[in-house]
Amino acid sequence: MLRIAEARHLKVFFGAIMQDRYDPAAVEADAQRHWEEQRCFEAVEDPSRPKYYCLSMFPYPSGKLHMGHVRNYTIGDVLARFMRMNGHNVLQPMGWDAFGLPAENAAMANGVPPARWTYDNIAHMKRQLKALGFALDWRRELATCQPEYYRWNQWLFLRMLEAGIAYQKTGVVNWDPVDQTVLANEQVIDGRGWRTGALVEKREIPMYYLRITDFAPDLLGALGEMPGWPERVRAMQANWIGRSEGVRIGFPYELGAERGVLYAFTTRADTVMGVTFCAVAPEHPLAQHAALRDPKVAAFVESCKHGPAIEAEIATQEKRGIDTGLSVRHPLSGEPVPVWIGNYVLMTYGEGAVMGVPAHDERDFEFAKKYGLRIRQVISVDGRDYSTDAWQPWYGEHGRCVNSGPYDGLDFERAIAAVAADLAHRGLGERQTTWRLRDWGISRQRYWGCPIPIIHCAACGAVPVPDEQLPVLLPEDLVPDGSGNPLARDARFLACTCPKCGAAARRETDTMDTFVDSSWYFLRYACSDNASAMLDERVRYWLPVDQYIGGIEHAILHLLYARFWTRVIKRLGGVEFAEPFTNLFTQGMVLNEVFFRKPESGRIQYFNPAEVELRRDASGARQEAVLRADGLPVESGGVVTMSKSKNNGVDPQALVDEFGADTARLFTMFAAPPEQTLEWSDEGVQGAFRFLKRLWKAVYDHVSAGAVAQPPREGLGDAARALRRQAHQTLAKVTDDVGRRRTFNTAIAAVMELMNAVARFEPAAAGDRAVVQESLEIAVLCLSPIVPHVTHALWRELGHERALIDEPWPRADEAALSQDTIEIVVQVNGKLRARVAVPAGADQEAARAAALADPTVRKFVGDAVIRKVVVVPGKLVNVVV
RNA sequence: GCCCUCGUGGCGGAAUCGGUAGACGCAACGGACUUAAAAUCCGUCGGCCACAAGCCGUGCCGGUUCGAGUCCGGCCGAGGGCACCA
């Protein structure tokens, strides 16, 4: 302990006396320099220590960090630092989801190649991440637009082709006829191209698909064994995969000399005797066949191509149909059944055809009423009366079969079993499980993405690029102009020779969906420096990811694709596990209030909340909001997600510049539990900053009074013992809140309470200052994962030579937690009436006696007979009269 | 339409396994310091009541329990996901 005193003396000697003012800029630069010089966050494989792979979803390099990033990465950083202090070998990497459409849009706007824009953004955002002090291993940084990364997309794609997991078929895209280009769904606005305003067409082109549907049963089944994932996310994925059990039913037909069977999937095979028509999708072969015979049918099929592109609009568009004039035979009754084309029938689900049972399906009912088709009741429920006048909800319920010949009287389950058996006997159907999930089309007619490694040869067709020719390099100097994919006009890129026959050939210009890039990057962090293999043995050490943190908006696509790719790699022998993320944490979004004015004519004008002043009444309630510039009122549009369009964003950089990274980190962790939405509050930021200033001052005041040599000893006074107890209670609570509950807000609140107690405590006796020293050390250690810079500085000031980053997480001292007497509350008939002090070890009888002796309790009990006394040891007594 | 969350002071939120409702912070109000402002410090802060005592109070109605913000049933409201899925 003398060493501490000496060290302090030396510091004084060299003039490095503690600043009385908290200066975040200096403190943060110093701490970051230390971590950098000591290479604190470079993770090295070490089988002797438990590993902890802590991963936050990597950002798209859009230009600068937004508040959502700050929140996401702070949560990850708190966990990484906490686990590190708890003895884990922590890996926390970072990279860039660097391909994608925004780069092409920026390129068009500025005339700069997407590569240049992307790399500039990465450089800027990397500086911002460093300024926030995240404990990242930057040696493992990767960007998905680098050939060193995307070559393995191409390599694995070729393996998938070999394994039959990747395949080619025609797919429907949104086609802009003016720009001669394919549009992403979000580029189609009200059925028109976003740039040209031209009516968008649906066009069929050859595309590559990944057979994710092969993995659907496993992707769904495994959800039941993922306790580390939020229930909500698992429910959303299950919903998306959409398993549906039913029966495939065949309707035989003859078209001239050709005999065929029209198959339809149904979950209501019990209603099969109520079929009065069949409806097929406009793209169905039978519809195509009918269109050749009848120009009116052809016109109808053509009109369906111009339907809306957005799924929500498809769902609400009017049901339309046309009779093909063809008919099929009912597989069980043999009756003829007319075939219609319906714009509500999806080619991509089931068989692209439905059996029409108007009596018991609401859509079929509506369709039949519109086109005058027969409605035949075949299900009865509780003997209720059926009428074809209007649809009633019970028509769709399960019941017993009627008017169904051999099936009459059967309930839902039995009827389906009987129908399936009869169909199987005739070779016209069987039980079938259908999935909502479709195969993943990965072809994008875009420039800024990973080239699909295929060569088109006039003689040999589509030929895979040989492994030794990988990567297929994407030229980085092209500037798209909106009229199609610039790769398709780039002779250097296009020209190649066929690997099979050696003839001149043409390179595939489609690129991969950017979701491919993000489906395996978490594996690559383990070995991002390996130039000769996609993965190596280090993956075995680090993976799977112990904790994944990201936004709920990725609950379905990204997380499902990542689970799928991991399974593919497992099947191909690359990894041994199927689930990439053991624990998933979905953080809430960052919200802010929206302020606007709506002129009588013209567009709504949005004002940033920083330009708006809130006026309050004497009780503190909001009166009105006015614009600072002119003092006139503005309207509030409520509290919503921060966005550019609503002008309600807060720039993290401005926050860091004014208050420092620690204040930004503290506020985002304190304002709300991390899973819930976080409402922005400038006053709240001030409050966080104020707390750090108070923390600094508390340490300053303590240190200025001289060094404390000895640890807290026996013989402390009541007040000192109480403070010491609270310090250790706080430590225990923070350990649980951060380590188990992940409620950083309550952990911070507990430390605030401790600091309030320290401020109230007046050291008097000899050992008192040692208790203050210990309390401050506990506060600093507890806060260090959240505000690592200021605590780094304060730890030094408290006399420690070893840097805070290397300190182990402390354990609460059981002796400090013990107390002689405890307070228990006393209820009479469940209502709080008194508090009494009892010895800590008091038994139930003693607690009961103490409660009944209390004068207030006696007053409330009065002359009544005590019927029962409930005693909760150490907590509460309830007297029931 | 189906599925999933969530409703607690003026505000963000706390109450972890059914046991003290409102921790912590913000705002507001009163005071100290200051020529003044900022910063800082002290105090008040769910409602009724002059105070105390007491009563009421966690969206609404009911239930279970000695005891319900917490569990169960029904309703109302907000948010999110899926959505012509046969």
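Residues numbered from 1 in each chain as written. Chains lettered and ligands numbered in written order. Predicted model: local features only at pLDDT ≥ 70, side-chain atom pairs only at ≥ 80, totals over all residues. Heavy atoms only, no water.

Chemist: How should the overall build of chain A be read in this particular structure?
Modeler: Helix and strand counts for chain A stand at 28 helices and 37 strands. With the C-alpha coordinates aligned to their principal axes, the bounding extent of chain A is approximately 110 × 85 × 65 Å. Residues counted as buried form 51% of the 881 residues belonging to chain A. Of all intrachain contacts in chain A linking residues separated by at least 6 positions in sequence, the fraction that spans at least 24 positions is 70%. If you sum the accessible surface of chain A, you get close to 40,600 Å²; carbon and sulfur atoms cover 51% of it. Side-chain charges in chain A split into 100 positive and 110 negative, and the spacing between the mean points of these groups amounts to 2 Å. (Helix = DSSP H or I, 4+ residues; strand = E, 2+ residues; numbered from the N terminus. Buried < 20%, exposed > 50% of the residue type's maximum accessible area, 1.4 Å probe, protein only. Contact = heavy atoms within 4.5 Å. Areas by Shrake-Rupley, 256 points an atom, 1.4 Å probe, with all protein chains shown as cover. Lys, Arg positive; Asp, Glu negative; His and termini not counted. Charge placed at Lys NZ, Arg CZ, Asp CG, Glu CD.)

Chemist: What is the right way to look at the layout of surface pockets in this model?
Modeler: In this model, the second largest pocket occupies a volume close to 480 Å³. Forming the boundary of the second largest pocket are 21 residues, of which Pro-609, Leu-614, Ser-681, Asp-682 and Glu-683 lie nearest the centre. Elements with a minimum of two residues in the lining of the second largest pocket: strand 28 (590-597), strand 30 (612-616) and helix 21 (682-704). For the lining of the second largest pocket, the element with the highest residue contribution is strand 30, accounting for 4 residues. Of the residues assigned to the lining of the second largest pocket, the class counts are 8 nonpolar, 4 polar and 9 charged. (1 Å grid on protein atoms, 1.4 Å probe; cavity = no way out; pocket = protein on both sides within 12 Å on 5 of 7 lines; lining within 4 Å. Points joined across faces, edges and corners; volume = space filled by probe spheres on them. Nonpolar A, V, L, I, M, F, W, Y, C, P; charged D, E, K, R; others polar.)

Chemist: What's the story with helix 12 (residues 362-371) in this structure? I'm lost.
Modeler: Because the α-helix completes a turn every 3.6 residues, residues three or four places apart line up on one side. By the burial criterion, the buried members of helix 12 are Asp-364, Phe-365, Phe-367 and Ala-368. Buried residues in helix 12, looked at end-on, bunch into an arc of 165°, giving them a common side. At the N-terminal end of helix 12, a side-chain oxygen is found 3.0 Å from the backbone nitrogen of Arg-363, two or three residues along, and the residue is Asp-361. Backbone geometry just downstream of helix 12 places Gly-372 in the positive-phi region, at approximately 70°. (Arc of directions from axis to C-beta. Polar contact = N/O pair within 3.5 Å; in protein donor to acceptor, adjacent residues only side chain to side chain.)

Chemist: Sorry, what's going on with the sheet that holds strand 21 (residues 454-457) here?
Modeler: Think of a sheet as strands paired side by side through backbone hydrogen bonds, with each pair either parallel or antiparallel. Taken in spatial order, the 4 strands of this open sheet run 22-21-24-23, and their pairing is antiparallel. Looking at strand neighbours, the two that pair on one side only are strand 22 (461-464) and strand 23 (495-497), the edges of this open sheet. The mean angle between the axes of side-by-side strands here comes to 45°, regardless of whether they run parallel or antiparallel. In this sheet, strand 22 lies alongside strand 21 in antiparallel orientation, the contact comprising 4 bridges. Residue pairing across strands places Ile-455 opposite Val-463, the latter belonging to strand 22. (Pairing = 2+ DSSP bridges. Axes fitted to C-alpha atoms, helices over the stretch in contact; angles between N-to-C directions.)

Chemist: I would appreciate a short explanation of the confidence of the model for chain A in the present structure.
Modeler: Regions with low pLDDT carry predicted coordinates that are not meant to be interpreted in detail. Of the residues in chain A, 96% reach a pLDDT of 70 or more, and the chain-wide mean stands at 90. A low-confidence stretch, residues 1-15 stays under pLDDT 50, and its non-local contacts, those more than four residues away or across chains, total 12 contacts. (pLDDT = per-residue confidence, 0-100.)

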